[in-house]
Amino acid sequence: MVETESSAREVSGRVKWFDAGKGFGFILDGEGGPDILLHANVLRNFGQGSVADNAEIRVIVQATPRGAQATEVLEILPPDPETRLAPIEDLGDTDPEMVAALPLEPARVKWFDKAKGFGFANVFARPEDVFIHVEVLRRSGFADLAPGEAICLRVIEGRRGRMAAQVISWEVALRD
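## Some words on the environment of leucine 145
Then, in step 1: Mapped onto the fold, leucine 145 is located in the loop between helix H3 (134-139) and strand E9 (150-158).
Then, in step 2: Separated by 31 residues in sequence, leucine 145 and lysine 114 have C-alpha atoms that sit 8.3 Å apart.
Then, in step 3: When neighbours within four sequence positions are excluded, leucine 145 is seen to be in contact with Val109, Phe112, Ile132, Leu137 and Ile151.

## Focus on the side chain of serine 140
Then, in step 1: Within the element layout of this structure, serine 140 appears in the loop between H3 and E9.
Then, in step 2: Looking at serine 140, the relative accessible area reads 13%, which means it is buried.
Then, in step 3: Engagement of the side chain of serine 140 in a polar contact is seen with the backbone nitrogen of valine 167, the distance being 2.9 Å.

## Observations concerning the pattern of salt bridges
Then, in step 1: Enumeration according to the criterion identifies 11 salt bridges in this entry.
Then, in step 2: In this structure, the salt-bridge partner of aspartate 29 is arginine 9, at a minimum N-O distance of 3.6 Å. Note that aspartate 29 is positioned in strand E2 (residues 24-29) and arginine 9 in strand E1 (residues 9-19), a separation of 20 residues in sequence.
Then, in step 3: On the accessibility criterion, arginine 9 (38% relative accessible area) is partly exposed.
Then, in step 4: Of the charged contacts in the structure, one is a salt bridge between glutamate 56 and arginine 14, with a shortest N-O distance of 3.4 Å. Placement of the pair is glutamate 56 in strand E4 (residues 56-64) and arginine 14 in strand E1, with a sequence separation of 42 residues.
Then, in step 5: What makes glutamate 56 partly exposed here is its relative accessible area of 28%.

Rules of the game
Residues numbered from 1 in each chain as written. Predicted model: local features only at pLDDT ≥ 70, side-chain atom pairs only at ≥ 80, totals over all residues. Heavy atoms only, no water. Helix = DSSP H or I, 4+ residues; strand = E, 2+ residues; numbered from the N terminus. Contact = heavy atoms within 4.5 Å. Buried < 20%, exposed > 50% of the residue type's maximum accessible area, 1.4 Å probe, protein only. Polar contact = N/O pair within 3.5 Å; in protein donor to acceptor, adjacent residues only side chain to side chain. Salt bridge = Lys/Arg side-chain N within 4 Å of Asp/Glu carboxyl O.

Right, here's the structure in full:
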């Protein structure tokens, strides 16, 4: 049986899990339907190479003979505050509205080690690196970053230098 475009529908849900190494993960349908396959290529078309577990996600879903599959990512929102870990010491009590008011700085990931819990990015036209904490990454809706990945950062001056307060995918920043 051949599925038609009319079987595509918009679904909101939560990321059950996503493994960039395997190249896929699953979304829990917010309306209680079956799990939805999220392929890495669909996520990359949105501009991200990873997505945090429990992140809210809005996708276009197509029914296939093997089950529901996301064909387009429309929006990703970071996990709910109650699922987050303790505050990050260097960010202190940084107000979310203050962070949102910071300018976006285009950058490329220098390196990021999920096991160590941090990495660095190079902001274009600036000599110093920007520190990226894994919790800031997760709060921004990412699970990991790849070397060379294009991103935008909102940066604060931390105790040890420039530090990312928010990470946004390059493509999402361009759309907004």
